[in-house]
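Structure assessment
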Amino acid sequence: QVQLVESGGGLVTTGGSLRLSCVSSGSRFLFDEMSWYRQAPGKQRELVAQSSGRSLTNYADSVKGRFTISRTSTKNTVYLQMNSLNVEDTAVYYCNARGTIGSRSSYEYNYWGQGTQVTVSS
């Protein structure tokens, strides 16, 4: 069974930095896409950053220029470097992996981690 485990969250002051990690286990194949989502108190879960293939990336407007997503080329591990953090970044951050496998992409997968808390204090 595939599992995604996030780590690296914690408490930080405004302007500080954190590096989140997401490590997978139980997968026999390289994930097509890996992404970071977040959900702040009282708000809907939103896409923060996405990594597709080996080099394609996509970021939410609110984090462009501050966050950087990266992942290993040989393992299903993804990172999120977060700089210049502010209180609006406070949320639970979730790792996601999705894609297709099999003949004619006959099987779709979509896995989620349990989340890691990021709290930014002013």
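Coordinates for the structure precede this section.
So, here is what we can say about the structure in this document.

Moving on, we come to the packing of aromatic side chains. Summed over all chains, the structure comprises six aromatic pairs. Ring geometry for F29 and F31: centres 5.9 Å apart, planes at 80°, overall edge-to-face. With relative accessibility at 2%, the residue F31 sits in the buried group. Ring centres 5.6 Å apart and planes at 20° place the aromatic pair Y109 and Y111 in the stacked group. An aromatic cluster is built from F29, F31, Y109 and Y111, whose rings are joined through pairwise contacts. Across from the ring centre of Y79, 4.3 Å away, lies the NZ or CZ of R19, which sits over that ring. For R45, the ring lying beneath its charged end belongs to Y94, and the centroid distance is 3.8 Å.

In the structure shown here, the tally under the stated rule is one disulfide. A sulfur-sulfur distance of 2.1 Å marks the disulfide that ties C22 to C95. Looking down the S-S bond of the C22 and C95 bridge, the torsion is -85°, so its handedness is left-handed. Taken together, the residues C22 in strand β3 (residues 18-25) and C95 in strand β9 (residues 91-101) connect sequence positions 73 residues apart. A relative accessible area of 0% means that C22 is categorised as buried.

On to the pattern of salt bridges. Pairing between side chains of opposite charge can happen when their charged atoms approach one another. Across all of its chains, the model carries five salt bridges by this definition. In this structure, E33 and R98 form a salt bridge, with 3.9 Å as the shortest nitrogen-oxygen distance. With a gap of 65 residues between them, E33 in strand β4 (residues 33-39) and R98 in strand β9 connect regions that are remote in the sequence. For R66, the salt bridge identified is with D89, shortest N-O distance 2.8 Å. Here the residue R66 occupies a position in the loop between β6 (56-59) and β7 (67-71), and D89 occupies one in the loop between β8 (77-82) and β9, the gap between them amounting to 23 residues.

What counts, and at which threshold
Residues numbered from 1 in each chain as written. Predicted model: local features only at pLDDT ≥ 70, side-chain atom pairs only at ≥ 80, totals over all residues. Heavy atoms only, no water. Phe/Tyr/Trp six-rings, centres within 6.5 Å; stacked < 30°, edge-to-face > 60°. Buried < 20%, exposed > 50% of the residue type's maximum accessible area, 1.4 Å probe, protein only. Lys NZ or Arg CZ within 6 Å of the ring centre and 35° of its normal. Disulfide = S-S within 2.5 Å. Helix = DSSP H or I, 4+ residues; strand = E, 2+ residues; numbered from the N terminus. Salt bridge = Lys/Arg side-chain N within 4 Å of Asp/Glu carboxyl O.

Purely geometric stuff here, so don't read any function into it on its own.
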